Amino acid sequence: MPSTRLGKIRSLQVRAPASSANLGPGFDIFGLGLEEPFDVVTVTLLKDQRIVLKLDPETKYKVPEIWDENSAGLVADALLRNFGGGFGCEIRVRKGIPPGYGLGSSAADAAAVAFALDRLLDLHLPMNTLIAFAAKGEVASAGVPHFDNVAAALLGYFSAIRQGTDGLDLVSLPQTPQDLILCLGRPLVQVPPKKTGTARNILPKQVPLSDAIWNIASASLIMAGFAIGNIKLIGQGMQDKIVEPARSNMVPGYDRVRRAALDAGAVGVAISGAGPTMLALIDRGKSDPRKVSKAIREGFRKAGIPCEITTTKPGKGVCVIDDVV
Ligand code: HSE
């Protein structure tokens, strides 16, 4: 365990990206770090052991300001208990990521705090350790730690991760095909508190071998697609026979939106994380992202639901905006 030596900086402001987990068959394994939306998180060391959580006045969305009900607070607590040397911290969050819609909102702040405290306390923890600490924050929304969103938020672009027999097994691909565009359709419905936990509780405990084989094959296509930069292969792999069928009822207009996006030229469509946002992948060299956006909007509209569309692409992980010595 490293001894706590303070770094030179006392306060760090970071940009923490949204992420989209699963991509269909890669439940709890695959994650994509997104260019937009993102949160801005400022972590400042305190000379006593308090953890103070504040929402920035300019925040677009609200999350709990009670530290142990918030992913960022849980991560700060875990890191400070292990390495804090008597310090506490203030965490100020400006949310640009809507919480509860399957866009890795809690993971972004968890990753931001892990990243920032690692620097502020001069810890130089290995990436796998940072991911493991950041995943502790997911307990606030999912009830259990899961690594896919926090890995994507910390590392950006594409990652695949699992809890191995001897720690985390991680693959991170720090770039994705140039022409890969993502279209996020967020239905403007009320989401229940701790929705991710609910969306996990409805999943089957046992699955037919044929579905497991299908999902392994599909996930392999996605992995290969990212590795060799083949967008079509990635899209072909985005077909899940285990998790999405169980969750599709939680997304209003799921079938309609999925069909419409594919017909408009998306290479693959999936529920983003635990939903209800839908994620469509587009090869901009072959299809027009505006056409896919329009189709998704229309699909939700026909289900009687307005939606917000964000067109973005994979982007980098948590990064420093500013520091104060
Ligand atoms: N893999 C997680 C789930 C992601 O689908 O429950 C939550 O955003």
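Everything below is about the structure printed above this text.
Here, residues in each chain are numbered from 1, in the same order as that chain's written sequence. Local features in this predicted model are restricted to residues whose pLDDT is 70 or higher, and side-chain atom pairs enter the listing and the counts only when it is 80 or higher, whereas totals over whole chains, interfaces and linings include all residues. Just so you know, side-chain values use all the structure's heavy atoms and leave hydrogens and water out.

Visitor: Is there a simple way to think about the pattern of salt bridges in this case?
Guide: Pairing of side chains with opposite charge becomes possible as their charged atoms draw close. By definition, a salt bridge exists where a carboxyl oxygen of Asp or Glu is found within 4 Å of a side-chain nitrogen of Lys or Arg. On inspection of all chains with the given rule, the structure shows 15 salt bridges. As a salt-bridge pair, E90 and R92 come within 3.9 Å of each other at their nearest N and O atoms. Given the relative accessible area of 18%, E90 is considered buried. Since its relative accessible area comes to 27%, R92 is described here as partly exposed. A simple rule labels every residue: compare its accessible area, found with a 1.4 Å probe on the protein chains alone, to the largest value its type can have, and call it buried under 20%, exposed over 50%, or partly exposed in between.

Visitor: Help me out: how do you make sense of the packing of aromatic side chains in this one?
Guide: The relative placement of two aromatic rings is captured by the distance of their centres and the angle of their planes. The pairing test for Phe, Tyr and Trp rings, Trp by its six-membered ring, is centres within 6.5 Å, and the orientation test on the planes gives stacked under 30 degrees, edge-to-face over 60, and tilted for anything in between. If you walk through the whole model with that rule in mind, you get 3 aromatic pairs. Look at F30 and F158: their rings are 5.2 Å apart centre to centre, the planes differ by 55 degrees, and that puts the pair in the tilted class. With F30 in strand β2 (residues 26-46) and F158 in strand β5 (residues 158-164), this pair connects stretches of sequence that are 128 residues apart. F30 sits in the buried class, given a relative accessible area of 3%. With a centroid separation of 4.1 Å and 15 degrees between ring planes, the pair formed by F158 and F226 is classed as stacked. Separated by 68 residues along the polypeptide, F158 in strand β5 and F226 in helix α7 (residues 209-228) bring together distant segments of the chain. What makes F226 buried here is its relative accessible area of 4%. Three or more aromatic residues link up through ring pairs in this structure, and these residues are F30, F158 and F226. Here, over-ring charges are defined by two tests on the NZ atom of lysine or the CZ atom of arginine: distance to the ring centre within 6 Å, and angle to the ring normal within 35 degrees. Geometry around F133 places K136 over its ring, the cationic atom sitting 5.7 Å from the centre. Lying over the aromatic face of Y101, R186 brings its terminal NZ or CZ to 4.5 Å of the ring centre. Only DSSP runs of H or I covering at least 4 residues are called helices, and only runs of E covering at least 2 are called strands; the numbering of each starts at the N terminus.

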